[in-house]
Amino acid sequence: MIFERRSVLRTLMIAATALSLSACGSDGGPDEPKLDPMQGVPTPKVESEPLGAVTGQNDVVGEGSVKVALVLPTSASGAAGAAAQSMRNAAEMALAEFNTPDVQLVVKDDAGTAQGASAAVTAATDEGAKLVIGPLFAHSVASAAQVARQKGVPILAFSTDANVAAPGVFLLSFMPESDVQRIVSYAVAQGKRSFAALLPETGYGSVVEAAFQQAVAKAGGRVVGLEHYGDRSKMAEPVARLAATLPQADALFIPDSADNVQAAIGMLATNGVNLKRLQLLGTGLWDDPRLVGDASLAGAWYAAPDNSGYRAFAARYRAKYGADPVRTASLAYDATSMVAAIVKAQGAAALNDQTFSNPSGFSGVDGTFRFRSDGGNERGLAVYEIQPGGPRMVNPPPKSFGAQTAQAAAPAN
């Protein structure tokens, strides 16, 4: 089932597996929270586990009869708290733009902790919530899920860690696997058969590596070189080793953020690699002004959602709140709009596993998406090429999941 809701639902959203929040980009000291590319925001550092608004007065959005909990780290400091506020605003905007939704959002603070998440879900379900939207972090999702299962309430969570997905715990997030599958299948369709990869030694890198190996094998290609690095200061040796294997490759995959990608490209050139001969490939992390405007990456391909929907969403958000949304705010917008549409069409009883795992999926701000029965998700992504004037879409996203295979094989425009 594809839900569409006139002009608002044309801009229902969901981008890049870890497009970093601009507020999270610094490499702080040991006491600062670290950016996890799997999530897009850093897990907040807390001395204790405050329950904040969990035990206080509710923040209620909407006047509908169907209660839905929105669990976010609203009391967390720094980028995590900023993300929570932006996501809360986006959920409020979704209800405001929907035509008379019969949904009431009860916002619960989990403080970014497992204990807080458990308390938030317990309080919300005791108050009659039929569904939980959130939490944001994997450890909070795992804790929330234990309570939700006991209460028979499904969860639409925002973590990108597939380990916390499960039947009834659906991840409405930017999963790295979708990016990898899309870019590899497109590259093979364009005649690329021999792949190499330079991967960060992070949780994100591990997930991407497994997806990369699987996608290349499934597409009939082969991996001729693969190296890992811990950080930029330790990148030189693995880059030198990889450079020796690159004459056998026709595509090089570097799934990382701008600073590391640019450092790797510079080191490859120093090692005598002819980058013009190689097809460079990336994930949604490349949807970054520092990369899409980098002349040394001209001709590179990366997978990401069609960004026109997000631009429209962000413009409406700025008009309403006077500030830019964080990139993950659209997840809360999509979740809220989807729930409102389901309730309007089928009633509260339809907020169940069967409805969420419908294979036809849903239409969002970033295009089509669907939940798998195991709680993970798949997205219909576009392929972009970096050019001097900015990124150009060379292969559009599929309009439905039935068209995805055919789209992947379509030639570049």
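Residues numbered from 1 in each chain as written. Predicted model: local features only at pLDDT ≥ 70, side-chain atom pairs only at ≥ 80, totals over all residues. Heavy atoms only, no water.

Two elements in contact, helix α10 (residues 307-321) and helix α11 (residues 329-346), have axes whose closest approach is 11 Å; the angle formed by their N-to-C orientations is 95°. Between α10 and α11, the interaxial angle falls into the category roughly perpendicular. On α11, the residues that touch Tyr310, Phe313 and Arg316 of α10 are Ala329, Ser330 and Tyr333. Across the contact of α10 with α11, the residue classes break down as four nonpolar, one polar and one charged. (Axes fitted to C-alpha atoms, helices over the stretch in contact; angles between N-to-C directions. Helix = DSSP H or I, 4+ residues; strand = E, 2+ residues; numbered from the N terminus. Parallel < 35°, antiparallel > 145°, perpendicular 65-115°, else oblique. Contact = heavy atoms within 4.5 Å. Nonpolar A, V, L, I, M, F, W, Y, C, P; charged D, E, K, R; others polar.)

Taken as a whole, this structure holds 14 salt bridges when the rule is applied. As a salt-bridge pair, Asp59 and Arg88 come within 2.9 Å of each other at their nearest N and O atoms. Taken together, the positions of Asp59 in strand β1 (residues 59-61) and Arg88 in helix α2 (residues 78-97) put the pair 29 residues apart, joining distant regions of the chain. Among the residues examined, Asp59 registers a relative accessible area of 29% and is labelled partly exposed. For Arg316, the salt bridge is made with Glu97, and the minimal N-O distance between the two is 2.7 Å. (Salt bridge = Lys/Arg side-chain N within 4 Å of Asp/Glu carboxyl O. Buried < 20%, exposed > 50% of the residue type's maximum accessible area, 1.4 Å probe, protein only.)

The three strands are arranged β12-β13-β14 in an open sheet whose pairing can be described as antiparallel. In this open sheet, the two edge strands, each paired with only one partner strand, are β12 (362-364) and β14 (377-379). Averaged over all pairs of adjacent strands, the angle between their axes in this sheet comes to 30°, without regard to strand direction. (Pairing = 2+ DSSP bridges.)

Now for the packing of aromatic side chains. Two aromatic rings, taken as a pair, are described by how far apart their centres are and by the angle between their planes. One pass over the full model with this rule turns up 14 aromatic pairs. Here the aromatic rings of Phe195 and Phe212 are separated by 6.2 Å at their centres, their planes lie at 75°, and the arrangement is edge-to-face. With Phe195 in strand β7 (residues 194-200) and Phe212 in helix α6 (residues 203-218), the pair connects residues that are 17 residues apart, well separated along the chain. Its relative accessible area of 0% is what places Phe212 among the buried residues. Within the aromatic cluster, the residues linked to one another by ring pairs are Phe170, Phe356, Phe362, Phe369 and Phe371. (Phe/Tyr/Trp six-rings, centres within 6.5 Å; stacked < 30°, edge-to-face > 60°.)

Moving on to the nonpolar core. With 51 residues, the main nonpolar core has Ile133, Leu156, Phe158, Phe313, Val339, Phe356 and Phe371 as its most contacted residues. For this core, the elements supplying multiple residues, two or more each, are β2 (66-72), α2, β3 (103-109), α10, α11 and β13 (367-371). With eleven residues, the single largest contributor to this core is α11. Aside from chain neighbours lying at most four places away, what touches Phe356 is Leu131, Pro154, Leu156, Phe170, Met338, Ile342, Leu351, Phe362 and Phe371. (Core = buried A, V, L, I, M, F, W, Y, C linked by side-chain atoms within 4.5 Å.)

Attention now moves to the sheet that holds β1. The six strands are arranged β1-β3-β2-β4-β5-β6 in an open sheet whose pairing can be described as mixed. Two strands close off the open sheet at either side, each with one partner strand: β1 and β6 (169-171). On the sheet, α2 packs against β1, β2 and β3 and is oriented at approximately 160° with respect to β2. In the packing of α11 onto the sheet, the strands contacted are β2, β3, β4 (132-133) and β5 (155-157), and the crossing angle to β3 comes to about 145°.

What follows is about the environment of Gly293. Relative to the assigned elements, Gly293 resides in the loop between α9 (289-292) and β11 (301-304). When its relative accessible area of 56% is taken as the criterion, Gly293 is described as exposed. Between the alpha carbons of Gly293 and Gly389 there is a distance of 7.2 Å; along the sequence they are 96 residues apart.

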